[in-house]
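Examination of the molecular architecture
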Amino acid sequence: AGSIAGEPLMVDTHCPYCALQCAMTLTRDADGEISVAGRDFPTNRGGLCRKGWTSPELLHRNDRLTRPLLRDAAGIPRPVSWDRAYQVIVDNICRTQQRYGNDAVAVFGGGGLTNEKAYLLGKFARVALRTAMVDYNGRFCMSSAAAAANRAFGVDRGLPFPVSDLDDANTIMLLGSNVADTMPPFTQHLTGAQRAGGLIVVDPRVSATARLTAGGSGVHLQPAPGTDLELLLGITHVVLTEGLINNDYLDRRANGLAGLRRSVADLWPERVQSITGVPAATIREIARRLAWAADNGGCYLLTGRGVEQHVNGTDTATAAINLALLLGLPGSPDSGYGTLTGQGNGQGGREHGQKSDQLPGYRKITDPAARRHVAAVWGIDPDRLPGPGLPAVQLLDRLGRPDGVRMLMVHGSNLVISAPDSTALERRLDDLDFLVVSDFFLSETARHADLILPVLQWAEEDGTMTTLEGRVVRRRAVSPPPGEAKSELEILHDLSRRLGAPSPFPTRPSEVFDELARASAGGVADYSGIDYPLLDSGATAHWPYVDAGTPRLFGERFGTADGRAELVPVRPTEPVDPVATGTGLTLITGRLLEHYQSGAQTRRVDTLNASAPRALVQIHPTTAAGLGIGDGDEVLVDSARGRARCWAELTTGIRPDTVFLPFHYPDRSTANRLTPAVADPTSGMPEFKTARVTVFRVAAI
Ligand code: SF4
């Protein structure tokens, strides 16, 4: 429990971490002690994982940033007043834009920011800075599945149905998602499928989720890393050639069947077995099980980062959607396709205009009608709005270049840990003329900053988040702001005023939300009709909010122009990272139960850190024996980009050709020192899962 001075208080709020947004009650007693209890809510039903249970520890850390810090001539960060900090920022913006143009100043946001912050950050970039260079870390998380959903359904809402719909399914196929570690309360919704023997988990590792298939509860498929697309195409081939498709549904609801049929004709199971390592008989068995489940009351396909974080991530998610459409799942009352958003506001974070190609309401920035609508809400001429900018990987590649981005403002993102090829990124951050980082702790990215702004976190301010099922929920403050830390809403207001922005920037979260709702009205992600009084009344508010909200999408029509879904043919692709000499292992990265994203928060929670204090790389014992590596040995993992230092964890739960490294750790243990900064051409998603690496025992070098 944290110890914060103040009046006793009890608030209903939601967890600071992942997209399940488990409901919790925070209680502050007369001594300022803060305790947490799980609260009944459809996603978590009172359950919390250990990250949620320990979250109050975040509120009393003595390493909290409480004053703006400006680097002096000797490079030492020194406390300065807010006035001075603002003046330095404004001077640098003006100097940079006068010299290099508006796009030389970039803004980088995050999928953990509240809806209000995500919205105001996009507005700040376009209206106050007039830069096209704004994007966010959701590119690393959700972008490929979002792109696939948009082109198939015309709408991207992670789960277009409530999580609780999964309870009654007899078959759930989880592709590249380790929910038992990343969002444990979610596994409550898998028990129906487990009882029916229908939990199908696709993961190169025997993850905690894969273990849920034991004892007749389901099947675990362990394809070679980076071959998920081929596996899905193989299953699709069987569904088509064995006549397992739902012809009536396809006639009524989807376009493109003939093209899709042609595109998978050469991907018969034996061929797919040679690529993926999954037996042909299993591929056939899975296809038949899914088809049976679709006809017998409950079949869901759910994708996660494991299959999405690839340069072919959009095509892989598309292959999953194609399969779901062939079986007639999307929009059916007891079945569906969805993607399990990871970051706390992964859904809302991509809806309100902090993406380089979007305006609020999930509107395309290139759409003249969208520009007119949003400009009218902002009280500006649509011609003042910049055009599309660059997605994250391309934007970050321009940092510090003479004709690129010279000044960067970072909010809610710890790029040095979460971006690919992070060694090169650190160099580019240091090449910038000026870097401003807003954070509540001195993150690894903030260490590179010229100016650090202390901001409020989670339980220190009000706001809203949008869960993985498109439900808008309220966060509420229970702790007073520490020191001089400010809300980012206030910071963006103050800076926009000093920059002479032609549109007001409200600071009260409810007012920002009201403006957001107006800006989103009529868009894809339409928040109109939702406001704070409605949320505070306890109403369930899935967007679009029509009458009592829309928990389920696609019941009658999809969001495309003709209301029909598109089957988009996709084909296998070559790996981007050439096989290295030496051991030629493939690195996959992912998350642990104890840590969340870059670990900037959870590495500061003592009980979590004690449980997972250092980076362990999982290696198969046979592979390790060949390399002279023992359990617990200090090892170096090398790729063409860099090197990570970690410790060997020998396990038969991983393929002998694969190693797994969690990406939460800093400094020399950062997994993203190894990953390539190449991105999916459709979505901008980097390739996080198929880096070719070699592994050495430290003493052997
Ligand atoms: Fe729930 Fe996710 Fe928080 Fe765990 S981290 S308590 S699963 S919201």
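Every value quoted in this text rests on a predicted model; they were computed, and no experiment measured them. Each chain has its residues counted from 1, running along the sequence as written. Only residues with pLDDT of at least 70 are given local features in this predicted model, and only at 80 or more are side-chain atom pairs given and counted; all residues enter the totals for whole chains, interfaces and linings.

Relative to the assigned elements, Arg50 resides in helix H1 (residues 50-53). Residues Arg50 and Glu594, 544 residues apart in the sequence, show an inter-C-alpha distance of 7.0 Å. The contact criterion used here is simple: two residues whose C-beta atoms, placed from the backbone, lie within 7 Å are in contact. In this structure Arg50 touches Leu593, Glu594 and Leu608, once residues within four positions along its chain are discounted. Numbering of helices and strands starts at the N terminus; helices are DSSP runs of H or I of at least 4 residues and strands are runs of E of at least 2.

A residue's pLDDT is the predictor's confidence in that residue, given on a scale from 0 to 100. Confidence in the prediction of the protein, expressed as mean pLDDT, is 95, and 98% of residues score 70 or more. For this predicted complex, the interface confidence reaches an ipTM of 1.00, while the overall pTM sits at 0.95.

What follows is about the environment of Met685. For Met685, the position within the fold is in the loop between strand E27 (658-662) and strand E28 (691-697). Sequence-distant contacts of Met685, defined by excluding residues within four places in its chain, comprise Arg139, Ser143, Ser144, Glu308, Gln309, Gly313, Ala679 and Asp680.

Of note, the bond from Trp543 into Pro544 is cis; its omega dihedral lies within 30 degrees of zero at -10 degrees. Positionally, Pro544 belongs in the loop between helix H20 (532-536) and strand E22 (565-566). In this structure, Asp667 takes a positive phi of about 55 degrees despite not being glycine. Relative to the elements of secondary structure, Asp667 occurs in the loop between E27 and E28. Assessed through the 12 C-beta atoms surrounding it within 10 Å, Asp667 is described here as exposed. Any residue surrounded by 20 or more other C-beta atoms within 10 Å of its C-beta is treated as buried, while 12 or fewer makes it exposed and the intermediate range makes it partly exposed; C-beta atoms here are placed from the backbone.

Time to look at the UniProt feature "domain: 4Fe-4S Mo/W bis-MGD-type" (unreviewed entry) in the protein. UniProt positions are given in the numbering used here, feature names are shortened, and annotations may be inferred rather than shown by experiment. Here the UniProt feature "domain: 4Fe-4S Mo/W bis-MGD-type" (unreviewed entry) sits at residues 8-63. Segment residues 8-63 splits into 7% helix and 32% strand. End C-alpha atoms: 24 Å apart.

The next subject is the site of the ligand. Note on definitions: a residue is near a molecule or strand provided its C-beta atom, placed from the backbone, lies within 6 Å of it. The local shell around the ligand holds 14 residues, among which Cys15, Cys18, Cys22, Cys49 and Gly52 are the closest. Any residue that is not Ala, Val, Leu, Ile, Met, Phe, Trp, Tyr, Cys, Pro, Asp, Glu, Lys or Arg is counted as polar, Gly included; the first ten are nonpolar and the last four charged. A per-class count over the shell around the ligand returns ten nonpolar, three polar and one charged. Each of domain 1 (2-60) and domain 3 (143-340) accounts for three or more of the residues forming the shell around the ligand. Residue ranges for the domains trace back to a domain assignment, done automatically or taken from a database.

The next point concerns the domain arrangement of the protein. With domains assigned, the protein is organised as domain 1 (2-60), domain 2 (69-140 + 345-536), domain 3 (143-340) and domain 4 (585-700). For domain 3 and domain 4, the distance between their C-alpha centres works out to 27 Å. Each side of the interface is counted separately: domain 3 has 22 residues, and domain 4 has 24 residues. If you list the elements that add at least two residues to the side of domain 3 that touches domain 4, you get helix H4 (143-153), helix H5 (179-182), helix H12 (305-308) and helix H13 (313-326). Looking at the side of domain 3 that touches domain 4 element by element, the count peaks at four residues for H4. In terms of residue class, the side of domain 3 that touches domain 4 is built from seven nonpolar, twelve polar and three charged.

One bridge is not enough; two strands pair if DSSP finds at least two bridges between them. In spatial order, the strands read E6-E5-E19-E18-E17-E7-E8; together these seven strands make up an open sheet with mixed pairing. Of all strands in the sheet, those bounded by a partner on one side alone are strand E6 (77-79) and strand E8 (134-136). Looking at each pair of strands side by side, their axes are set apart by 20 degrees on average, direction ignored. Two strands pair when backbone bridges link them, and strand E5 (residues 69-71) and strand E19 (residues 451-454) are joined in this way by two bridges, in the antiparallel orientation. Paired with Leu69 across the strands is Ile452, a residue of E19. Its contacts with the sheet place helix H3 (residues 115-129) against strand E7 (105-109), E8 and strand E17 (407-411), and it is angled at close to 175 degrees to E7. Under this scheme, a helix contributes an axis fitted over its contacting stretch, all axes are lines through C-alpha atoms, and angles between N-to-C directions fall in the 0 to 180 degree range.

This brings us to the packing of H4 against H13. Two numbers describe how H4 lies on H13: the axes approach to 8 Å, and their chain directions differ by 50 degrees. Considering the angle they form, H4 stands oblique to H13. Where H4 crosses over H13, the two elements pack in a sense that is right-handed. Contact residues: H4 offers Ser144, Ala145, Ala147, Ala148 and Ala152, while H13 offers Gly313, Thr314, Ala317, Thr318 and Ile321. For the contact of H4 with H13, the residue count by class is six nonpolar, four polar and no charged. Should an angle fall under 35 degrees it is called roughly parallel, over 145 degrees roughly antiparallel, and 65 to 115 degrees roughly perpendicular, with every other angle called oblique. A clockwise turn of the near helix away from the far one marks a right-handed crossing, whereas an anticlockwise turn of less than a right angle marks a left-handed crossing.

Let us now look at the sheet that holds strand E11 (residues 218-221). Sheet architecture is open: five strands sit in the order E11-E10-E9-E13-E14, paired in parallel fashion. Two strands close off the open sheet at either side, each with one partner strand: E11 and strand E14 (336-339). Within the sheet, the average angular offset between the axes of one strand and its neighbour, ignoring direction, is 10 degrees. One ladder, built from four bridges, connects strand E13 (residues 299-303) with E14; its direction is parallel. Note that in E14 the partner of Leu302 across the bridge is Gly338. Across the sheet, helix H11 (residues 280-295) is in contact with strand E9 (171-175), strand E10 (199-202), E11 and E13; its angle to E9 comes to roughly 130 degrees. Here H13 sits on the sheet in contact with E9, E13 and E14, set at roughly 175 degrees to E13.

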